[in-house]
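Given next are the chains, with one letter for each unit.
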Amino acid sequence: MPEVGLAEVQGGSWHAVVAPAGTPREIVGKLNRTLIATIAVPELRSQLLNQGAQPVGSSPDELRKFMQAEAEKWGRVIRSSGARAD
């Protein structure tokens, strides 16, 4: 963004695994534990790091808070830009 005069704008891409609303907490917990264990496998972690990724592996509550903060941040950017989806 600095190249276009917006040095204060910081962003990046991220990926998450989500489940439908109402999925039982024990299923969400099992999925979360499995995914965290998977990204901790040294070979996979090494490949992700070599590709520039930063594997995090947070809790469902931490992901929810992160996604809410991202929606708020980028919602302000979109509203202030006047961009429209039509």
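Details of the structure are given in the entry above.
Since we're looking at a predicted model, the values are computed, not measured.

For this particular structure, what's the right way to read the pattern of salt bridges?
Counted under the stated rule, the structure contains four salt bridges. Among the salt bridges present, the one from R64 reaches D61, with a minimum N-O distance of 2.5 Å. Separated by three residues within a single helix, R64 and D61 lie in helix α3 (residues 60-81), roughly one turn from each other. Look at D61 and you get partly exposed, because its relative accessible area is 37%. Residue D86 is joined to R84 by a salt bridge in which the shortest nitrogen-to-oxygen separation is 2.1 Å. With a relative accessible area of 74%, D86 lands in the exposed category.

Could you clarify how one ought to interpret the packing of aromatic side chains in this entry?
The relation between two aromatic rings is expressed through the spacing of the ring centres and the mutual angle of the planes. Tallied over the entire structure, the rule returns one aromatic pair. Geometrically, the ring pair formed by W14 and F66 is edge-to-face, given 5.0 Å between the ring centres and 80° between the ring planes. Of this pair, W14 sits in the segment before α1 (25-39) while F66 sits in helix α3, and the two are 52 residues apart along the sequence.

For this particular structure, what's the right way to read the side chain of E70?
Here E70 lies in helix α3. By relative accessible area, which is 14% here, E70 ends up buried. For E70, the contacting residues outside a window of four places in its chain are W14 and G75.

Explain the layout of surface pockets here, please?
Regions of empty space are outlined by a rolling probe, equal in size to a water molecule, passed over the atoms. What the largest pocket holds in volume is close to 1300 Å³. Elements supplying a minimum of two residues to the lining of the largest pocket: α1, α2 (42-50) and α3. With eight residues, α1 is the largest single contributor of residues to the lining of the largest pocket. Class assignment for the residues of the lining of the largest pocket results in 21 nonpolar, 11 polar and four charged.

Parameters and conventions
- What you see as residue numbers is a count from 1 along each chain, following the sequence as written.
- Residues qualify for local features only when their pLDDT is at least 70, as the model is predicted, and side-chain atom pairs are given and counted only at 80 or more; totals for whole chains, interfaces and linings, by contrast, use all residues.
- To obtain the side-chain values, all non-hydrogen atoms of the structure were included, while hydrogens and water were left out.
- Salt bridge criterion: a side-chain nitrogen from Lys or Arg within 4 Å of a carboxyl oxygen from Asp or Glu.
- The way it works is that DSSP assigns letters per residue, a run of H or I at least four long becomes a helix, a run of E at least two long becomes a strand, and they are numbered from the N terminus.
- We call a residue buried when its accessible area falls under 20% of the maximum for its residue type, exposed when it is over 50%, and partly exposed in between, using a 1.4 Å probe and counting protein chains only.
- We call Phe, Tyr and Trp rings a pair once their centres come within 6.5 Å, taking the six-membered ring for Trp, and we label the pair stacked below 30 degrees between planes, edge-to-face above 60, and tilted otherwise.
- By definition in these notes, contact holds between two residues if any of their heavy atoms fall within 4.5 Å.
- Put simply, the grid is 1 Å and covers the protein atoms alone, a cavity is a trapped set of points that fit a 1.4 Å probe, a pocket is an open set with protein on both sides within 12 Å along at least five of seven lines, and lining residues have an atom within 4 Å of a point.
- Grid points are joined across faces, edges and corners, and a volume is the space filled by probe spheres set on the points.
- Only Asp, Glu, Lys and Arg are considered charged, only Ala, Val, Leu, Ile, Met, Phe, Trp, Tyr, Cys and Pro nonpolar, and every remaining residue, Gly among them, polar.

Any functional reading would require information beyond the geometric quantities listed.
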